[in-house]
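Inside the fold
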Amino acid sequence: MASFPKYDVSHKDMANAIRALSIDAVETAKSGHPGMPMGMADVATVLFSRFLKFDPRNPKWPDRDRFVLSAGHGSMLLYSLLHLTGYKDITIEDIKRFRQLGSPCAGHPEHGHGAGVETTTGPLGQGIATAVGMALAERLVAARFGSDLVNHHTFVIASDGDLMEGISHEAISLAGHLRLSRLIVLFDDNGISIDGPLSLAESGDQVARFEAAGWSASRVDGHDPEAIAAAIESAMASERPSLIACRTIIGYGAPKKQGTASSHGSPLGAEEAAAAKAALGWSHAPFVIPEDIRNAWLAAGSRGHGEYEAWLKRFTAAAKETKAGFERAMEGGIDPALWTALTQYRKALTEKPVTVATRKASEMALEVINTHLPEAIGGSADLTGSNNTRTKGMEAVEADDFRGRFIHYGVREHGMAAAMNGMALHGGVIPYSGTFLVFADYCRPSIRLAALMEQRVIHVMTHDSIGLGEDGPTHQPVEHLASLRAIPNLNVFRPADAVETAECWEIALRTEKTPSVIALSRQNLPQVRLKHSDENRSARGAYVLSPAGAKHHVTIIATGSEVMLALEAQRQLEAQGIGASVVSMPCMDIFAAEPSSYQDRTIDPKTVRIAVEAGSRLSWDRWIGRDGAFVGMNSFGASAPYEALYKNFNITVDHIVRAARQRL
């Protein structure tokens, strides 16, 4: 076994500092989860004091190890560790205000509230799945820039609940397939769930399960520091991802509540908290850490500074081009040449218009993007030929070769979405991937977290309406656009043609703190933008595509494949002497954030307003008003050629014209 740092206090004292802070914070808040931090304090102490590569003085060090507390309910474990090791963002006053408004010590860890919180966790399973993306990004960035700059591990503490969630199956399967050997999961194997003993609902063998998925897996006494250290050391030498099942006692030290569900999600209570501290030999006042123990933890936090300085020397000595590329990649920057190339591409489209499905238009835009953006990492959930997310020359990422830029995620939509979150959080790559829009339901929890964490993750979601045709209502999205638009800080795009598709891609890439869904058609669509503009007209969410020729009486608002119907309806209304404008709304979310003056100029509130979208009405009433009309879906679809479906569900030019005339 390798030699480890020596501290002036015992392992027990250092671990008990975590337990004491966790007890005190939860008692003060009268809310929280003390059991997990008390049970996993020994494991966390070994990890942070002996193995984890980090430097609180340089918390954004690109080559730091990533630590993910997938069991986010045990957040006081993380806050205690960050405070004790010297992270300035988590003070003792913050810990005293655990779970209070404005404190970085939220009920569950939230990315962005303080350095050292690598990802938002709490929804079980999300942390371990996100960590798979971090470990994958580490390999991808190392393959591009070399091991002198990128050479670190991703560690996870996961609970029984994390491993019961379905997303964990997708995540560990993908990690095993790609042999992500720098991913190490420390499983809090305490045998307790909220309802009581784990045996009420689970009888599987997690070690055997992980081994079957291609992982190294072992069992260890989670309260034996030397056994824990030996297991971690072995895992770090493995050529496969590793699970270490740490048998622990939840609420360790609490005389009456340890080993029971009662210590999981409620304060111990004053009497049991005092008894626990007495049993642990901790006689100090609440929130007080003796100087010798505090100094030992600060020494643990300083342990990685030398490694940081050595890394900085290697970075400084690297070639100028390598340094510039690495810094840009890790900061999420994009070469401005891409924007010029996309503008030139849009101009070429207006010179030679194309009639293509917007999923094909997306592929065409990606040919330009991927040529100029080496950070772009694509993928698909076993729908590559349908999503059109793999451009020419993109090699697949394989377990033995991470130089590729395309990931075959398999039929793992939820795991894919979470992995992309992890890749974005890690930095150095800009992830995008594809599936069908109807399967956004499988991705939704991860999409929501991307929005909450303000991460640039791009979801290409094709087959966006009944326009997909014969596959029928199981595959035809109806409520999905409205459902996704309900998520704060998520841009949902539905472009009408090849020009708008390129514009939407540009917006998605420029928007660094907002994830995007780009909903794309299966069926071919004519190009509706025939005049070039250097301005990205989609950038304000909606714009007047075709103004009224006669006196303005009607405004037709449409998205995606229905814009062409709106334009034909406009032509017919104008022929009847009824002035009508057509507004294309590729992104309702962006338009909703525009000033009301622009909104009213675009959608004149004094006109009859008609919205046309092959989806549900929800989210449209704001724009059409009480007296407006909606031409779209109010039921599930059906199996038939798409032309017959549009006619059957009354999404037609005639129906738009009739709706306008009825309201004049």
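Below, the structure is looked at part by part. (Residues numbered from 1 in each chain as written. Predicted model: local features only at pLDDT ≥ 70, side-chain atom pairs only at ≥ 80, totals over all residues. Heavy atoms only, no water.)

1. Considering the pattern of salt bridges
- This model, assessed by the stated rule, comprises 27 salt bridges.
- Of the charged contacts, one joins Arg-19 and Asp-42 as a salt bridge, the two residues approaching to 2.7 Å between their closest N and O atoms. With Arg-19 in helix 1 (residues 11-29) and Asp-42 in helix 2 (residues 35-51), this pair connects stretches of sequence that are 23 residues apart.
- Overall, the relative accessible area of 2% leaves Arg-19 in the buried class.
- Given the relative accessible area of 5%, Asp-42 is considered buried.
- Note that Arg-328 is salt-bridged to Glu-375, the shortest N-O span being 3.3 Å. Taken together, the residues Arg-328 in helix 13 (residues 320-331) and Glu-375 in the loop between helix 15 (358-372) and strand 9 (376-380) connect sequence positions 47 residues apart. (Salt bridge = Lys/Arg side-chain N within 4 Å of Asp/Glu carboxyl O. Helix = DSSP H or I, 4+ residues; strand = E, 2+ residues; numbered from the N terminus. Buried < 20%, exposed > 50% of the residue type's maximum accessible area, 1.4 Å probe, protein only.)

2. Side note on the sheet that holds strand 19 (residues 608-613)
- A sheet is described by the order of its strands in space; here 5 strands give the open sequence 16-18-17-19-20, paired in mixed fashion. Of all the strands in the sheet, just strand 16 (543-546) and strand 20 (629-632) have a single pairing partner and so form its edges. Mean inter-strand twist for the sheet, computed between neighbouring axes without regard to direction, equals 30°.
- Inspection of the sheet shows strand 17 (residues 552-558) paired to strand 19 by 5 bridges, in the parallel sense. Its bridge partner lying in strand 19, Val-554 is registered against Val-608.
- In this fold helix 21 (residues 563-575) packs onto strand 16, strand 17 and strand 18 (579-584), with an angle of close to 170° to the strand it touches most, strand 18. (Pairing = 2+ DSSP bridges. Axes fitted to C-alpha atoms, helices over the stretch in contact; angles between N-to-C directions. Contact = heavy atoms within 4.5 Å.)

3. Here's the deal with the side chain of Thr-154
- The topology assignment puts Thr-154 in strand 2 (residues 154-159).
- Overall, the relative accessible area of 1% leaves Thr-154 in the buried class.
- Excluding residues that lie within four positions of it along the chain, Thr-154 makes contacts with Arg-66, Ala-131, Met-134, Ala-135, Arg-182, Leu-183 and Ile-184.

4. With respect to the pairing of strand 1 (residues 66-69)
- Judged by which residues are buried, strand 1 turns out to be covered on both faces: Arg-66 and Val-68 on one side and Phe-67 and Leu-69 on the other are all buried.
- The sheet contact formed by strand 1 and strand 2 spans 4 bridges and is parallel. Directly across from Leu-69, in strand 2, lies its bridge partner Ile-157.

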